[in-house]
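Residue strings, one per chain:
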Amino acid sequence: MKQLNQEEAKRMCERVLGFSKADECRVAINGTRTGNIRYAQNSVSTAGLNEDMQMTVSVAFGKRQGTATINEFDDKSLEKAVRRAEDVARLAPENPEFIAAIGKQEYKASNAFARETAAIDPKFRADVASHSILAGRKNKLVTAGFFVDNTGFETIANSNGVFGHHEFTNVSFTCTARTEDGRGSGWVTRSANDVRNFDAREASAVAIEKALRSVDAKALEPGRYTVILEPAATSDLIGRMFGAFDARRADEGRSFLSKKGGGNRLGEKLFDEQVNVWADPWNKDVPVRPWDTESMLPRERTDIIKNGKIVSLDYSLFWANKQKMKARGRHGNMIMAGGSKSLDEMIASTKKGIVVTRTWYIRDVDPQSLLLTGLTRDGTFYVENGKIKHPVKNFRFNESPVSMLNNLDELGKPQILGGDGMNFQMMIPPMKIRDFNFTSLSDAV
């Protein structure tokens, strides 16, 4: 795949827009080169490189819309895609929530591209797997993992003068280490836009250490405990909450942010004062594209929760127009303020508690309270007088991130989680939380 630069992408968009006879036309081009290596049972199982580029053309006649996608880019194919989209639009019913394409916008570039990441080759990927496999064998462990590197671009344009071009890179890595008898398991995840911020040896060592320490887990009675949740353990719980900040869902009574009797809870204090969350497309650690693809609106640096208070919600173009509110580009990242302490320092200041490496198999119980259920896994440990005393059997939990963020004792140093250079990245700190609700035991490791 050829990585289109801004001028090349702009010329292609202009050709497509020139073919259109509709009232309006929107274009999106996406190109990615994705390398990967996967290993299991201390041996590489698959490796590959996938390259893809596609274009989506959307047109409208009045409130009738049509869309076509194509991965051929000669003029004949481009025009064919436009005509197909127009044919679909003419046959489509009117969209009662149709909003016309926005006018020209200014997009402030975000630096999500690293040359070192774009230069990753098969040898680099093989070395990542080798570090885990050899370290696992040395410790008589069985390792499995997946390393992925992405290089790509995204371009948008419309017939009202909108144009944006964004280039990105990203790496992600997960590793599981288990004892040969299956009684101990450890896990780690890492993400970065710039591969220079990724260390395969360090990451693998974390999973290996947890696997060795988690053997001979003891059972603790279910109940409410002080927990220290590592960022990976928190990400799926908090991420579900971040995804529920949609104003329409709140206004229509379908969200934990819905107010009794109608409306939403914008401006209300719902969390501990330590909770501060914002979105920033230009953050150096988790940069994302500077626009929201759905609306093409620019993203902004936006406070979402400030000192525990809800200070902004997501408004789509349609809902903002209906409610007479300002629409903004939907966020591509979420950044949560933390402290300066490491995980070890947080453990050292804990009299009694449980450290949770990872949560998984999470399901919704009640969307109105954001009550979730799930399991711990891959390293759960009992802490007493500032030291890890022994591993414990895994738990099922029933807990809401809303309750969690009202029971905060302490926040540690934030860590990058997830992301592909476009959407969706988070920086979340480890959290020490009171009265976390473990409801039953699990025999899985």
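This report concerns the structure included in the present document. (Residues numbered from 1 in each chain as written. Predicted model: local features only at pLDDT ≥ 70, side-chain atom pairs only at ≥ 80, totals over all residues. Heavy atoms only, no water.)

**Concerning the packing of aromatic side chains**
For any pair of aromatic rings, geometry is given as the distance between the ring centres together with the angle between the planes. This structure, assessed with the given rule, holds 12 aromatic pairs. Taking the centre distance of 5.3 Å and the plane angle of 50 degrees together, the rings of Tyr107 and Trp291 count as tilted. One end of the pair, Tyr107, is in the loop between α2 (75-91) and α3 (115-118); the other, Trp291, is in the loop between β8 (277-279) and β9 (302-306), and 184 residues separate them in sequence. Members of the aromatic cluster, joined through ring pairs, are Tyr225, Phe395, Phe397, Phe436 and Phe438. (Phe/Tyr/Trp six-rings, centres within 6.5 Å; stacked < 30°, edge-to-face > 60°. Helix = DSSP H or I, 4+ residues; strand = E, 2+ residues; numbered from the N terminus.)

**Things to note about the side chain of Arg289**
Relative to the helices and strands, Arg289 is located in the loop between β8 and β9. On the basis of relative accessible area, Arg289 is assigned to the buried category, the value being 8%. Separated by 2.4 Å, the side chains of Arg289 and Glu154 make a polar contact. (Buried < 20%, exposed > 50% of the residue type's maximum accessible area, 1.4 Å probe, protein only. Polar contact = N/O pair within 3.5 Å; in protein donor to acceptor, adjacent residues only side chain to side chain.)

**Here's the deal with helix α6 (residues 231-242)**
Within α6, nine of the 12 residues are buried, which leaves it mostly tucked inside the rest of the structure. Of all the positions in α6, only Pro231, Ala232, Ala233, Thr234, Ser235, Leu237, Ile238, Met241 and Phe242 are classed as buried.

**A look at the state of the cysteines**
This model, assessed by the stated rule, comprises zero disulfides. Free cysteine: Cys25, not disulfide-bonded; nearest cysteine sulfur from Cys13 at 9.3 Å. A relative accessible area of 1% places Cys25 in the buried class. (Disulfide = S-S within 2.5 Å.)

**So, the layout of surface pockets**
When its volume is computed, the largest pocket comes out at roughly 610 Å³. Around the largest pocket sit 25 residues that line it, and Val206, Lys210, Glu230, Leu343 and Asp344 are the ones nearest its centre. Of all the secondary-structure elements, those providing two or more residues to the lining of the largest pocket are β6 (185-192), α5 (200-213), α6, α9 (343-348) and β12 (352-366). Residues that form the lining of the largest pocket fall into these classes: 12 nonpolar, four polar and nine charged. (1 Å grid on protein atoms, 1.4 Å probe; cavity = no way out; pocket = protein on both sides within 12 Å on 5 of 7 lines; lining within 4 Å. Points joined across faces, edges and corners; volume = space filled by probe spheres on them. Nonpolar A, V, L, I, M, F, W, Y, C, P; charged D, E, K, R; others polar.)

By themselves, these are just geometric observations and shouldn't be taken as functional.
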